[in-house]
Amino acid sequence: MNLTELAYVAGWRLVRALPRPVAAAAFRAGADRAYRSGGSGTARLRANLRRVVGPELPEAELDDLVRRGLRSYARYWMEAFRLPALSREQLLAGFRLDPAGVEHLAADVAAGRGAVVALPHAGNWDAAGAWVAATGWPITTVAERLKPEGVYQRFLAFRRSLGMEILPTSGGDRPAFDVLLDRLRAGAVVPLLADRDLSARGVEVDFFGARTRMPPGPALLALRTGAPLYVAHMWYEPDAACAALEGPLPLPDPTEGPLDQRARALTQRIADALAAGIARHPEDWHMLQRMWLDQRGTVDVGAPHAPAPPATDGTV
């Protein structure tokens, strides 16, 4: 077990043992230290948020937004470490999906058509997945392979303990995309983080007025199966992680071109919807990595206080 894995193990054990107010205060203090130190992760978050809010926002207000953003990201980690110790009732109470979203997903699962949900790196996506599982709906997603392998395996065990089926992006018995097709046709909910491409296969889109790449997985799954495709807007309230679903998004008709062309058009629709949600709650967008193509000359970084968790991403 290396030092990174030891840190995660210690985090899971210690944070679960602490009273929530004590753990929350400690993580908030850590976020404030990261802000004051002004490291590379903080600088990347600041640059990304500047793109979101535009050049008109005064520097002092951007400073405050970055500080709140780091606190939100620290809250994600604190809550993620504590999730496995929560009861079903606590999991259900700790996350809120808008009533229309609940009705949509319940109907999709009951009808056996499943649902694809494109997520941003915002709010608490692990709490969202745990809530879906605690509600009694089947849920399957994928996770990027994180190094070292021991950390990756612990994250798999963590998310599986919450009731989620987790597929590796590579090295599985079958390609993850094929398994997801089967799960959708069986009525499962398939959430995929969709605001940042983790491969060389991403679709180029416009996002906050600049070009970036996003994974084609959510669009392709919806187009191949006809399953409804939603975009989740995710944020924090003082007492809970929250989400609202937009959609189902209209799917391009087969007469509009070949599959890859339709997937590009649909991925742009996803990007537009994600941008709208992030703009409403920019402090809860946890993007401390390089995002846009014009940033390629800069150093890509992770979190200011810990590596990023393996994403349940759409690069299948």
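### Observations regarding the packing of helix α3 (residues 40-53) against helix α4 (residues 59-82)
Closest axis-to-axis distance for the α3/α4 pair is 10 Å, and the angle between their directions is 120°. The orientation of α3 with respect to α4, classified from their angle, is oblique. Where α3 crosses over α4, the two elements pack in a sense that is right-handed. Between α3, through Thr42, Leu45, Arg46, Leu49, Arg50 and Val53, and α4, the contact on the second element is made entirely by Glu59, Leu62, Asp63, Leu65, Val66, Gly69 and Leu70. A breakdown of the residues in the contact of α3 with α4 according to their chemical character gives 7 nonpolar, 2 polar and 4 charged.

### Observations concerning the sheet that holds strand β1 (residues 95-97)
Strand pairing in a sheet relies on backbone hydrogen bonds. The paired strands run either parallel or antiparallel. A sheet is described by the order of its strands in space; here 5 strands give the open sequence β1-β9-β8-β2-β5, paired in mixed fashion. For this open sheet the edge positions go to β1 and β5 (189-193), each flanked by a neighbour on one side alone. With strand direction ignored, the average angle separating the axes of adjacent strands in the sheet is 30°. Where strand β8 (residues 229-237) and strand β9 (residues 240-246) come together, 7 bridges link them in antiparallel fashion.

### Focus on the packing of aromatic side chains
As enumerated under the stated definition, the model contains 12 aromatic pairs in all. Ring geometry for Tyr76 against Trp125: centres 4.5 Å apart, planes inclined by 25°, an arrangement best described as stacked. Pair noted here: Tyr76 is in helix α4 and Trp125 is in helix α7 (residues 125-135), with a separation of 49 residues, a long-range link. What makes Tyr76 buried here is its relative accessible area of 0%. Residue Trp125 is classed as buried on the basis of its relative accessible area of 6%. The interplanar angle of 70° and the centroid separation of 6.2 Å between the aromatic rings of Phe207 and Trp285 together place this pair among those described as edge-to-face. Remark: Trp285 occurs in the segment after α11 (259-280) and Phe207 occurs in strand β6 (residues 203-207); sequence separation between them is 78 residues. Accessibility assignment for this pair places Phe207 and Trp285 in one class, buried. An aromatic cluster is present here, built from Phe27, Tyr73, Tyr76, Trp77, Phe81 and Trp125 joined pairwise through their rings. Above the plane of the ring of Trp292 lies Arg51, whose end atom (NZ or CZ) is 4.8 Å from the centre.

### A short note on the pattern of salt bridges
Oppositely charged side chains can form a pair if their charged atoms are brought close together. What the rule picks out here adds up to 17 salt bridges. Arg50 is the partner of Glu59 in a salt bridge, and the nearest nitrogen-oxygen pair spans 2.6 Å. The exposure class of Glu59 is partly exposed, given its relative accessible area of 43%. Owing to a relative accessible area of 19%, Arg50 belongs among the buried residues under this scheme. Its salt-bridge partner being Arg211, residue Glu204 comes within 3.2 Å of it at the nearest N-O pair. The class of Glu204 is partly exposed, set by a relative accessible area of 38%. Classification of Arg211 as partly exposed rests on a relative accessible area of 37%.

### Some details on the packing of helix α10 (residues 217-225) against α11
Viewed as axis vectors pointing N to C, α10 and α11 meet at an angle of 125°, and their least axial separation amounts to 8 Å. By the criterion of interaxial angle, the relationship of α10 to α11 is oblique. In this structure, the crossing between α10 and α11 has a hand that is right-handed. Where α10 abuts α11, its residues Pro218, Ala219, Leu220, Leu223 and Arg224 lie against Leu259, Arg262, Ala263, Leu266, Thr267 and Ile270. In terms of residue class, the contact of α10 with α11 is built from 8 nonpolar, 1 polar and 2 charged.

### What about the nonpolar core?
Counting 98 residues, the largest nonpolar core has Phe207, Leu221, Met234, Ile270 and Trp285 as the members making the most contacts within it. For this core, the element with the highest residue contribution is α4, accounting for 11 residues. Other than its neighbours up to four places away in sequence, Trp285 contacts Leu45, Asn48, Leu49, Val52, His121, Ala122, Asp195, Phe207, Ile278, Met291 and Trp292.

About the criteria used
Residue positions are given per chain, counting from 1 as you read along its sequence in written order. Per-residue local features of the predicted model are confined to residues with pLDDT of at least 70, and side-chain atom pairs are confined, for both listing and counting, to 80 or more; whole-chain, interface and lining totals are unaffected and use all residues. To get the side-chain values, take all heavy atoms of the structure and skip hydrogens and water. To obtain each axis, a line is fitted to C-alpha atoms, and for helices this fit is confined to the stretch in contact; angles are then taken between N-to-C directions over 0 to 180 degrees. Secondary structure elements are defined from DSSP: runs of H or I of at least 4 residues count as helices, runs of E of at least 2 residues count as strands, and each element is numbered from the N terminus. To sort the angles, those under 35 degrees are grouped as roughly parallel, those over 145 as roughly antiparallel, those from 65 to 115 as roughly perpendicular, and the leftovers as oblique. By definition, turning the near helix anticlockwise from the far helix through less than a right angle yields a left-handed crossing, and turning it clockwise yields a right-handed one. The contact criterion used is simple: two residues touch if any of their non-hydrogen atoms lie within 4.5 Å. Residues are grouped as follows: Ala, Val, Leu, Ile, Met, Phe, Trp, Tyr, Cys and Pro are nonpolar; Asp, Glu, Lys and Arg are charged; all remaining types, including Gly, are polar. Two strands form a pair only when DSSP identifies at least two bridges running between them. Stacked, edge-to-face and tilted are the three classes for Phe, Tyr and Trp ring pairs, Trp counted by its six-membered ring, which pair at centre distances within 6.5 Å; planes under 30 degrees apart are stacked, over 60 edge-to-face, the rest tilted. Buried, partly exposed and exposed residues are distinguished by accessible area as a fraction of the type maximum, computed with a 1.4 Å probe on protein chains only: under 20%, between the cut-offs, and over 50%, respectively. We call a charge positioned above a ring when the Lys NZ or Arg CZ atom is no farther than 6 Å from the ring centre and deviates by at most 35 degrees from the ring normal. The rule for a salt bridge is simple: a side-chain nitrogen of Lys or Arg has to be within 4 Å of a carboxyl oxygen of Asp or Glu. Definition of nonpolar core: a set of buried residues of the types Ala, Val, Leu, Ile, Met, Phe, Trp, Tyr and Cys, connected through side-chain atoms within 4.5 Å.

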